[in-house]
Structures are given as structure tokens and as C-alpha cells.
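# Structure assessment
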Amino acid sequence: MLENICDMERLHIVGGTEDLSAITNGKSANNNSLVICFGELLIDFVPTVAGVSLAEAPAFKKSPGGAPANVAVGVSRLGGSSAFIGKVGDDEFGHMLADILKQNNVDNSGMRFDHSARTALAFVTLRADGEREFLFFRHPSADMRLHESELDKNLIKQAKIFHYGSISLIEEPCKSAHLAAMNIAKSSGSILSYDPNLRLPLWPSAEAARKGIMSIWDQADLIKVSEDEITFLTGGDDPYDDNVVMKKLFHPNLKLLVVTEGSQGCRYYTKAFKGSVPGIKVKPVDTTGAGDAFVSGLLSSLASDPNLFQDEKRLREALFFANACGAITVTERGAIPALPTKKTVLDAIAKFSAS
């Protein structure tokens, strides 16, 4: 799968793939390491050919998507324990998505089905100019209609890590359900993980998006952002400037801030240390879900080793593993179908380390 790995700076991994295996081992496959993902689950329609606009696409292939659901499947596929909480329509697509989660060993008992609103649809493409293009059908969609009263509170209390995005903050009643779920998880001792996953077309305005995303910023223990999101959230500041990141985005309660840089890897910031970890370069086919694969790789490591925040060596290993998860995912179309197993990732890392 990774024949296209390019030569680049090599990261020395103490203990090699055996060490990496240790941070993603079977310890995560129990409820003491449960990762719960909250938010949207939908159908992505991806063009059957690469490098075209949505209008130019001759046909589309449907695949399950939605960032939080992608992460839940990613964690499970890596050998971890995960659950998904969200709402879909009581329709063919909604039940198909619930079945896909079950087939991927994701606990879907926290899912709810809406009898009036449909499952959300999204058309996604990567154009020849490298720009991603989205077209959403949510007027409203079922995920927006999750009520606080529908939350499985007992399930949430079991979370070692509670992961979420910002799309569920856009509309009520889902916003109130999101905030309530976060509070339950936090009071139960869960690590709060936040990937804003900016989708501007879904927000009423850019200012509403910025305000909404930042409204819960100071509650997260772990935040993952992209370079573009830094520029957006800071009002145009340089995303490569460490001072910008630390002054405007790092907050006193934050244990780890990660900035993803695509094929270049990622940067990390904690109170004690900061640095960068290189990526694995591949020939991309479809970048949909790459960030979610990265997050699932990081959370699967963190679920079985909560001290990653304090140990820079272990953190770097976990981030390199996460980078590899993202790289493998872009070599296939669709998000969930492309998410890798632990063996696939470790094999890719071993191949890269030997090159």
C-alpha cells in the first residue's frame, strides 16, 4: 500500500515497532480505556475519479462518514474500545450506518433514530487545484436534532476519553446535548478531546463559527487543529509561529495541543515541551478522513497510556503512529473504508524505518 513512501527526515524510534506496538496494544480493548465519540454520522458521496469538482464528477461512491464516527471506527480498527453517540434518521441510510458501526466493533447503543429528519448527506471532493469542496444536505438533518434527554448518561460516564468536534455546536437542540455530554464526561474524570473540524458552509457566518468553536476551547484537555484552522481562529495570524499558537490557542487547562501539517507530519505543544514529528509521504488518492485517522491513532495510544502528556519520547512515538494512520488513509477513497488496522500501520512504520 505504501510503495510511494518518499525519503525524508527519519525519526528515531527507541525500541522500533515493538515499542510502538506497546502503546497500542490490547490494553486498550477494554472498557477501562473506552473512547466515546460524540457528534455527526452521515453519508459521504465521493467522486469515482480523482481531481474533479463536484459538478464535473461522472458518478459518486457512497461511504459512511462524519468526523466523530470516523474516529470511533478508527480507534476500534486499531484494537481499541470505542463507542459513538449521535443521531441519524430512521431511514435506510441511518440503519446502514448503525450496522456499519456494529460491524466495526463500535458500541452504537448511544445512537438515536429520528422519525422526522433524514440522515445527513455530504458530497466531498478534492479538486485538481488541491482545494476540498463540500456540499451538505442538512435542512435539518437528524444529527442536529439530538436532545439532552436522549443521552445515554451511563455510557458517557464510562469514557476514558470523550472526543467531539464543533459541528454539533451549530444548532439547538444538539448544542445543549453536546454541552451536557461534555459536562457528564468531565465530572466523571474523562479526558476531553476536541477536534474543531471547521466546516464553514455549515455555520451562519465566519464570525459565528469562530465564536462557536472557541466557546468550549478552554474545557478541552487535548486539542487537534490544522494549519488552516489556526489561521481562521486567530484572524489571519501565521500558523507556523509558535508564539501565536501558545499565546492565542494554548490555555491553562490544556495538556496537549497538536497542529497537523498533512504529509509534513505534525507539531505538538505542552506546558513542558514542544516539537515536531515528521510524516510518512504517500501518493494521495483521497484526503477525506486523514485528520480523523490521525486522531484515532493518537487517542488509541492515549487510552492505553494516559501518561503520554508527561513523557515526550512516548508522545513522539504516539504522534508518529498517528501520522502513519493519516498517511495510509489517504491512499484509498472514502473515510471509514480507508481507516487502517494496527498491523497495517506497524508494517508501514517498519518499512519507513528501514528505508
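The preceding data block contains the structure.
Residues numbered from 1 in each chain as written. Predicted model: local features only at pLDDT ≥ 70, side-chain atom pairs only at ≥ 80, totals over all residues. Heavy atoms only, no water.

### Things to note about the overall build of the protein
When helices and strands are counted, the protein shows 11 helices and 13 strands. Radius of gyration (C-alpha) of the protein: 19 Å, near the 20 Å computed for a compact globule of 355 residues. Summarising its shape, the C-alpha atoms of the protein cover approximately 55 × 50 × 40 Å along the three principal directions. The buried share of the protein, reckoned over its 355 residues, is 57%. Restricting the contact set of the protein to residue pairs at least 6 apart, pairs at least 24 apart contribute 73%. A total of about 14200 Å² of accessible surface is found on the protein, and carbon and sulfur atoms cover 50% of it. (Helix = DSSP H or I, 4+ residues; strand = E, 2+ residues; numbered from the N terminus. Rg over C-alpha atoms; globule rule 2.2 N^0.38 Å. Buried < 20%, exposed > 50% of the residue type's maximum accessible area, 1.4 Å probe, protein only. Contact = heavy atoms within 4.5 Å. Areas by Shrake-Rupley, 256 points an atom, 1.4 Å probe, with all protein chains shown as cover.)

### A word on the pattern of salt bridges
By the definition in use, this model includes 17 salt bridges. A salt bridge links Lys-255 to Asp-221; the shortest N-O distance between them is 3.0 Å. Remark: Asp-221 occurs in the loop between helix H6 (206-214) and strand S10 (222-226) and Lys-255 occurs in the loop between helix H8 (242-249) and strand S11 (256-260); sequence separation between them is 34 residues. The residue Lys-343 makes a salt bridge to Asp-347 at a minimum N-O spacing of 2.8 Å. Of this pair, Lys-343 and Asp-347 are both found in helix H11 (residues 342-354), 4 residues apart, which corresponds to roughly one turn of the helix. Taking the relative accessible area as the measure of exposure, Lys-343 reaches 59% and is therefore exposed. (Salt bridge = Lys/Arg side-chain N within 4 Å of Asp/Glu carboxyl O.)

### Observations concerning the packing of helix H2 (residues 67-77) against helix H9 (residues 290-304)
Two elements in contact, H2 and H9, have axes separated by 8 Å at closest approach and are oriented at 45°. Accordingly, the angle class assigned to the pair H2 and H9 is oblique. For the pair H2 and H9, the crossing hand works out as right-handed. Where H2 approaches H9, its residues Ala-67, Asn-70, Val-71, Gly-74 and Val-75 are matched on the opposing element by Asp-292, Val-295, Ser-296 and Leu-299. Of the residues belonging to the contact of H2 with H9, the class tally is 5 nonpolar, 3 polar and 1 charged. (Axes fitted to C-alpha atoms, helices over the stretch in contact; angles between N-to-C directions. Parallel < 35°, antiparallel > 145°, perpendicular 65-115°, else oblique. Left-handed = near helix turned anticlockwise from the far one by under 90°. Nonpolar A, V, L, I, M, F, W, Y, C, P; charged D, E, K, R; others polar.)

### What about the nonpolar core?
Residues Leu-298, Leu-299 and Leu-319 are the most contacted members of the largest nonpolar core, which totals 60 residues. With 10 residues, helix H10 (residues 312-329) is the single largest residue contributor to this core. For Leu-299, the residues in contact, after removing those within four places along its chain, are Val-35, Val-71, Val-75, Ile-161, His-163, Ser-193 and Leu-222. Membership of the second largest hydrophobic core comes to 49 residues, among which are Leu-151, Leu-202, Val-225 and Ile-230. (Core = buried A, V, L, I, M, F, W, Y, C linked by side-chain atoms within 4.5 Å.)

### Remarks on unusual backbone geometry
With an omega of -15°, the peptide bond between His-139 and Pro-140 qualifies as cis. At the junction of Glu-172 and Pro-173, the peptide bond is cis and its omega measures out at 5° in the coordinates. You can see Pro-173 is positioned in the loop between strand S8 (161-164) and helix H5 (174-187). Non-glycine residue Asn-105 carries a positive phi angle of around 60°.

### Some remarks on the packing of aromatic side chains
Geometrically, a pair of aromatic rings is defined through the distance of the ring centres and the angle of the planes. Scanning the entire structure with this criterion turns up 11 aromatic pairs. Ring geometry for Phe-123 against Phe-137: centres 5.8 Å apart, planes inclined by 65°, an arrangement best described as edge-to-face. Here Phe-123, found in strand S6 (residues 121-126), pairs with Phe-137, found in strand S7 (residues 132-137); they are 14 residues apart in sequence, far enough to count as distant. (Phe/Tyr/Trp six-rings, centres within 6.5 Å; stacked < 30°, edge-to-face > 60°.)

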